[in-house]
Amino acid sequence: MGKASMTSAEPWRLLVRIGLAGGLWLAATAAYAEPAHILRLPAEPVDRALVRFGVQAGVSVGGFPVAGCTGESRPVIGVLTASTALRRLLPPGCTFERIDEKAFRIAAQRVPPAPHVAPTLAPAPTTNDLDEVVVTAEKRREPLRGSPFAVSVVTTEDLERLGASDFADAALQFPGVAETNLGPGRNKIFIRGISDGAFTGRTQSTVGLYLDDVQITYNAPDPDLRLADVKQVEVLRGPQGTLYGSGSIGGIVRMVTAPPDPTAFAAAASVEGMINEHKDRSFSMEAMLNAPLLEGKAAVRAVVYRDELAGYLDNPRLGLEDVNRGRRTGGRVAARIELPGGWQAQANVVRQALNTSDSQYTQGGARLTRDAAILEPHDNDFTLIGGTLAHPGSMVDLRVSAAYIDHDLTTRYDATGAFDLAPGALAAFDEAQVVELWVGEAVAASAGQTRLRWLVGLFGSLTHDTSSGLLDARLSGGASRSVFQRRDRLQEAAVFGELTYDLTPRITATLGGRLFATRVETRSGGFGLARPPLPDIQAHLTDEGFAPKARLSYAFAPGLVAYAQVQDGYRAGGFDVPAAADGATAETDVGSYRPDRLRSYEVGGEATLFDGALTVRGALFTAIWRNVQTDQFRPSGLPVTLNIGDGSNRGVEFEAVWKPDAHWRLRVSGLVDEPELTRTSDQFPAQVDIGLPGVAKHTAAVDVSYGWNLPHDLKAEVSAQASYVGRSFLTFDGGAATAMGDYGQGRIAATVKGARWQAQAYVANVTDEEGNTFAYGNPFSRMRARQATPLPPRTFGLALRRSF
């Protein structure tokens, strides 16, 4: 997999040369030619056939479903233009019109008018829209149905039914996905039991979090971006080192925003009001505007929002109620334009500010209360400026993206009596982090569905991470002293690619790999508590390697596919804060932690049964994790980053969607696994037989809905969701005080829809379950009293949405 050294890496020069040559080659291959495609389209329901046609022909198909255009498609096999293939594919009653060289609209053929029939029960909202069953998580358009990899999608309609304003609200409906509950803007995401602990520090995230094509985090927590005007959320499970590089050893989460639409004006607005069992009220507002420009050749799409987040914890010591209130405000603007020669350009600006007035943990066993001398606020500000240049061609699809991200976080902890202070001496520990990320990627992929398909890309990123810790004892007459100050710089460059070849009409093989090189530099100082004084520290670490991928899939039928796959993930190494910085030890060495590597083996597949009424996806997997990185806390409360040992996981995951008729829809998912350490490094307390921290060995979720028609062209739906999280521990040593999990929660909702409006009433945490979610409280006091992070109490809400 690679090696680590403390000297400069020769592969940097090689990567630069490859990058320059590859960039010239990518630009040269983007020329347009008249499209012709090798198409293999079986007879199947027309909605599925159109999805398959769009992916194989590399075109967009809109306007479906259409009344009167139903039934089975005709089989199409051969080398054909898109229009010829579509003409042969569509069953009687269907026709189409061509919008441009890459887009078609389906329409119904004119037939004599039929006698009027009074409306009956209507379908519940479904996800049959063609654009919503196509995923791009593997950097090319693939139909969700029949895709030979572990992916799940939650669409706009699903998000509305779930009442999900951010990813945390929807996480448990994805199989194998877990998230910590430290508070808004402070959480970590885990997939398939690959957990390095609840604490956020120097280690890179185990899950890559993406907004469209851009990775938006490095080692910072999930910024909790509101899912405003989001088309769908995709979760790709298992290590994704080949396509996504460092920091995706568990998988990726990709939030796909609704793009600017140059064909039509659109606007929408929503308001929501809530009250919880603690009698605290909250609300949210959101508005979207889409405006075509330049006679349909350009468009601007903007969304703005504001959330007032309810509190539910009281602080009797300070005489305050609902102290953990919060506020989230933000917006996004995207502009898109069609350029000469078939090029498309899009620019994006995203800004969000999120702040909470206190932490959300309890202490000492009291329910929804915490006695603390100092409030613990948290701020999380996120800014993204980026752009994309794309050229969809008949032979090559080219996409180049670049972005700058600024992520600022500040956190205060009650540090009364911490470090060298006298017991009871009031003090606060203020932690600040500023992460600046420049990232760019160029990807070229073969267009259409030829027997040999390929993808090649270049990637580069530069991260500046500035952080500091300050002990402020002025509240008790003391001084304000620096604990540490550091600046880290991470560079990564990579060349990656995949080849997919149809060995037979049923058997497909995929081989891929990523050649990467990373360099980490650190400068740290400001050790105001160290005794004797510590000098400033400078160090660097390089790493290079290769992340392979191999997959073999077999299509028994259009709705029945199986696959076997092996792939790798990796994270860069780095440097720790010296132990002597807390003033409790004379150890002055700067500790480094090594890169960690994960290899996953899995077999899985999908089956569509009972004439399409039931779709089941599942996988069995085993993962081997070497040199597991983790962020933990020393007894003093100061963070420590280290390699805690080796780990593994094996398990089975499943997801099933059942739509027996036009009214019912049931979605069930779950994970059963055995995450564990197999070897400890003796650098930190750990056990090999208790599982990895914060990821339960059993999780399950269900989402059921029923829809029908009301008078006056209205539609109604009732829905319910439930989830269960099994038992786990907060830390690797599995102490009784760190046990958590083993709880369930549910939500029920009733929705009424008109042509342009929707109203939903709901109850969240129906049983008012308290639980003890996966989160820590305060690193300076957690050893003195049991801390727990409960679920928010039962909440009643009403949401109104209107489109224009």
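Here we summarise the structure given alongside this text. The shown structure was predicted, so the numbers you read here are calculated from the model rather than taken from an experiment.

### What about helix H2 (residues 46-57)?
Moving on, step 1. When the terminal C-alpha atoms of H2 are compared, their 16 Å separation across 12 residues agrees well with the 16 Å that a helix rising 1.5 Å per residue should span.
Moving on, step 2. Across the 12 residues of H2, 11 count as buried, placing the element largely inside the fold.
Moving on, step 3. If you check which residues of H2 are buried, you get Val-46, Arg-48, Ala-49, Leu-50, Val-51, Arg-52, Phe-53, Gly-54, Val-55, Gln-56 and Ala-57.
Moving on, step 4. Directly beyond the C-terminal end of H2, a positive phi value near 70° is found at Gly-58.

### A closer look at a nonpolar patch on the surface
Moving on, step 1. The grouping of Leu-293, Leu-294, Ile-337, Leu-339, Leu-389 and Val-400 at the surface amounts to a nonpolar patch, some 440 Å² of accessible area in total.
Moving on, step 2. By secondary structure assignment, the location of Leu-339 is in the loop between strand S19 (326-338) and strand S20 (344-356).

### Observations concerning the packing of aromatic side chains
Moving on, step 1. Evaluated as defined, the whole model comprises 14 aromatic pairs.
Moving on, step 2. Ring geometry for Trp-664 and Tyr-706: centres 4.7 Å apart, planes at 55°, overall tilted. Highlighted residues: Trp-664 in strand S35 (residues 664-673) and Tyr-706 in strand S37 (residues 698-710), separated in sequence by 42 residues.
Moving on, step 3. Exposure remark for Tyr-706: the relative accessible area of 21% places this residue in the partly exposed category.
Moving on, step 4. An aromatic cluster is built from Tyr-413, Phe-419, Phe-429 and Phe-780, whose rings are joined through pairwise contacts.
Moving on, step 5. Sitting above the plane of the Tyr-244 ring, Lys-139 keeps its charged end 4.2 Å from the centroid.
Moving on, step 6. Directly above the ring of Phe-621 sits Arg-192, whose terminal nitrogen or CZ lies 4.6 Å from the centroid.

### Considering the pattern of salt bridges
Moving on, step 1. Per the counting criterion, the structure on display carries 48 salt bridges.
Moving on, step 2. Notably, a salt bridge pairs Asp-213 with Arg-399, separated by 2.6 Å at the nearest N-O pair. Of the two residues, Asp-213 sits in the loop between strand S12 (207-211) and strand S13 (214-215) while Arg-399 sits in strand S23 (residues 396-414), which places them 186 residues apart along the sequence.
Moving on, step 3. Residue classification places Arg-399 among the partly exposed positions, given a relative accessible area of 39%.
Moving on, step 4. Among the charged side chains, a network of salt bridges with common partners joins Asp-158, Arg-161, Glu-655, Arg-665, Arg-667 and Asp-703.

### Section: unusual backbone geometry
Moving on, step 1. With an omega of 0°, the peptide bond running from Arg-531 to Pro-532 counts as cis.
Moving on, step 2. At Asp-322, a position not held by glycine, the phi torsion is positive, near 50°.
Moving on, step 3. Tracing the sequence through the fold places Asp-322 in the loop between strand S18 (298-309) and S19.
Moving on, step 4. You will see that Asp-682, though not glycine, has its phi angle at about 65°, which is positive.
Moving on, step 5. For Asp-682, the position within the fold is in the loop between strand S36 (676-680) and S37.

### Quick word on the nonpolar core
Moving on, step 1. Among the nonpolar cores identified, the biggest contains 49 residues, and Phe-167, Ile-216, Val-233 and Val-253 are the most heavily contacted of them.
Moving on, step 2. Excluding anything up to four places from it in sequence, Val-233 contacts Ser-152, Val-153, Val-154, Leu-159, Phe-167, Phe-174, Leu-227, Val-253, Arg-254 and Met-255.
Moving on, step 3. Residues Leu-471, Val-628, Phe-633 and Val-695 belong to the second largest nonpolar core, which totals 45 residues.

### Comments concerning the sheet that holds strand S15 (residues 251-257)
Moving on, step 1. Within the open sheet, the five strands sit side by side as S9-S14-S15-S12-S13. Their pairing is mixed. At either end of the open sheet lies a strand with only one pairing partner, and these are strand S9 (151-155) and S13.

### Here we look at the pairing of strand S39 (residues 739-753)
Moving on, step 1. Inspection of the sheet shows strand S38 (residues 714-729) paired to S39 by 14 bridges, in the antiparallel sense. Within S39, the residue paired with Val-718 across the bridge is Ala-750.
Moving on, step 2. Hairpin connection of S39 to strand S40 (residues 757-764): three residues between the antiparallel strands.

### Comments concerning helix H3 (residues 82-89)
Moving on, step 1. Here H3 has its buried residues at Ala-82, Ser-83, Ala-85, Leu-86 and Leu-89. Along H3, the residues classed as buried sweep out an arc of 160° about the axis, all on the same side.

### Brief notes about the environment of Asn-219
Moving on, step 1. Inspection of the secondary structure assignment puts Asn-219 in the loop between S13 and strand S14 (230-237).
Moving on, step 2. On the basis of relative accessibility, which here comes to 2%, the residue Asn-219 falls in the buried class.
Moving on, step 3. Ignoring anything within four residues of it in the chain, the contact list for Asn-219 reads Thr-200, Gly-201, Arg-202, Thr-203, Gln-204, Ser-205, Gln-433, Val-435 and Asp-465.

### Here we look at the pairing of strand S22 (residues 378-392)
Regular strands have side chains that alternate between both faces of the sheet.
Moving on, step 1. The pairing of S20 with S22 spans 13 bridges and is antiparallel. Within S22, the residue paired with Asn-348 across the bridge is Gly-386.
Moving on, step 2. Both S22 and S23 contribute to a ladder of 15 bridges, which runs antiparallel. From the neighbouring strand, Leu-384 faces S23, where its bridge partner is Ile-405.

What counts as what
Residues numbered from 1 in each chain as written. Predicted model: local features only at pLDDT ≥ 70, side-chain atom pairs only at ≥ 80, totals over all residues. Heavy atoms only, no water. Helix = DSSP H or I, 4+ residues; strand = E, 2+ residues; numbered from the N terminus. Expected span 1.5 Å × (residues − 1). Buried < 20%, exposed > 50% of the residue type's maximum accessible area, 1.4 Å probe, protein only. Patch = residues over 30% accessible without salt bridge, like charges linked within 9 Å, V, L, I, M, F, W, Y side chains within 5 Å. Areas by Shrake-Rupley, 256 points an atom, 1.4 Å probe, with all protein chains shown as cover. Salt bridge = Lys/Arg side-chain N within 4 Å of Asp/Glu carboxyl O. Phe/Tyr/Trp six-rings, centres within 6.5 Å; stacked < 30°, edge-to-face > 60°. Lys NZ or Arg CZ within 6 Å of the ring centre and 35° of its normal. Core = buried A, V, L, I, M, F, W, Y, C linked by side-chain atoms within 4.5 Å. Contact = heavy atoms within 4.5 Å. Pairing = 2+ DSSP bridges. Arc of directions from axis to C-beta.

From the geometry alone we can't say anything about function, so treat these as descriptive.
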